[in-house]
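Chain and residue survey
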Amino acid sequence: MDAMEASRGTRTVRVRRHGVRRAALLGALAALAAAAVPASAARTPDAPAPLVVADCFDKPQVRPEEYLLACGDGNNRLVALRWESWGPGTATATGTDMVNDCRPYCAAGRFRAYPVTVTLSKPQPWPGHPDVRRFTTIRLLYTDTAPHPVPKDVTYKLVY
């Protein structure tokens, strides 16, 4: 019998080497099998695809606290977003739209705060990201005044 002895307190315990090897091999095989299963296979067939909003840097976000609207110059950002819902068709939040007034020009302008209700909608499959859907439309409903010349209720297509 191929065995090794290990001391446990004052007792000597005999452990079969092939039993230890077999347990180690089975553990390694189980780890490999788990790693080989794609994440999409782990979802149940009835589970919806994850739903995100893509930011300017093409990164997925779920219920972001901030969201940059003006990717090119950073002169328009949604802040202090509080998500009331994040569902399969729409997501709704309240927050503040911080908009640079660009007076006399953008580098010298001031950021002004506008209370807003944000609604994300029209989820679609996200190209290049299998099994993920992203919102493609954002609606801003200003609850007080809107930044000039934007209407109080405006909808934009999210192209990133």
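As a starting point, this report considers the structure included with it. Here the structure is a predicted model, which is why all the values come from computation and not from measurement. (Residues numbered from 1 in each chain as written. Predicted model: local features only at pLDDT ≥ 70, side-chain atom pairs only at ≥ 80, totals over all residues. Heavy atoms only, no water.)

Digging into the overall build of the chain
Note the following rule: Helix and strand assignments follow DSSP, with helices taken as H or I runs no shorter than four residues and strands as E runs no shorter than two, numbered in order from the N terminus. Note on exposure labels: buried denotes an accessible area under 20% of the residue type's maximum, exposed denotes more than 50%, and partly exposed covers the range between, all computed with a 1.4 Å probe on protein chains only. Any two residues whose heavy atoms approach within 4.5 Å are treated as being in contact.
A tally of helices and strands in the chain yields two helices and 10 strands. If you list the helices and strands of the chain from N to C, you get β-β-α-α-β-β-β-β-β-β-β-β. Per-residue burial over the chain gives 29% buried out of 160 residues. Long-range contacts, defined as pairs at least 24 residues apart, comprise 36% of the intrachain contacts of the chain with a sequence gap of at least 6.

Describing empty space enclosed by the protein
The following threshold applies: Points on a 1 Å grid over protein atoms alone make up a cavity when a 1.4 Å probe fits among them but cannot get out, and a pocket when they form an open set with protein on both sides within 12 Å along at least five of seven lines; lining residues each have an atom within 4 Å of a point. Grid points are joined across faces, edges and corners, and a volume is the space filled by probe spheres set on the points. Side-chain classes are defined by residue name, with Ala, Val, Leu, Ile, Met, Phe, Trp, Tyr, Cys and Pro counting as nonpolar, Asp, Glu, Lys and Arg as charged, and the others, Gly among them, as polar.
As enumerated under the stated definition, the model contains one cavity of 30 Å³ or more in all. Of the voids in this model, the largest cavity is the one considered here, and its volume is about 40 Å³. Taken together, the elements giving at least two residues each to the lining of the largest cavity come down to β6 (76-86) and β8 (111-125). For the lining of the largest cavity, the element with the highest residue contribution is β6, accounting for three residues. Taken together, the residues of the lining of the largest cavity break down into nine nonpolar, no polar and no charged.

Overview of the nonpolar core
Let me state the cut-off plainly: Here, the term nonpolar core denotes a set of buried Ala, Val, Leu, Ile, Met, Phe, Trp, Tyr and Cys residues that are joined through side-chain atoms within 4.5 Å.
Ranked by internal contacts, the top residues of the largest apolar core, which has 21 residues, are Leu78, Trp86, Leu120, Ile138 and Leu140. If you list the elements that add at least two residues to this core, you get β3 (51-54), β6, β7 (90-100), β8 and β9 (133-142). Not counting chain neighbours up to four residues away, the residues in contact with Leu78 comprise Glu65, Glu66, Tyr67, Leu69, Thr96, Asp97, Val116, Val118, Ile138 and Leu140.

With respect to the pattern of salt bridges
If charged atoms from side chains of opposite charge come close, those side chains can pair. Selection criterion: What counts as a salt bridge is simple: a side-chain nitrogen of Lys or Arg found within 4 Å of a carboxyl oxygen of Asp or Glu.
Tallied over the entire structure, the rule returns three salt bridges. In this structure, Arg77 and Glu66 form a salt bridge, with 3.2 Å as the shortest nitrogen-oxygen distance. Highlighted residues: Arg77 in strand β6 and Glu66 in the loop between β4 (60-61) and β5 (67-68), separated in sequence by 11 residues. Here Asp101 makes a salt bridge to Arg112, at a shortest N to O gap of 2.9 Å. Here the residue Asp101 occupies a position in the loop between β7 and β8, and Arg112 occupies one in strand β8, the gap between them amounting to 11 residues. A relative accessible area of 19% means that Asp101 is categorised as buried.

Purely geometric numbers; function is a separate question.
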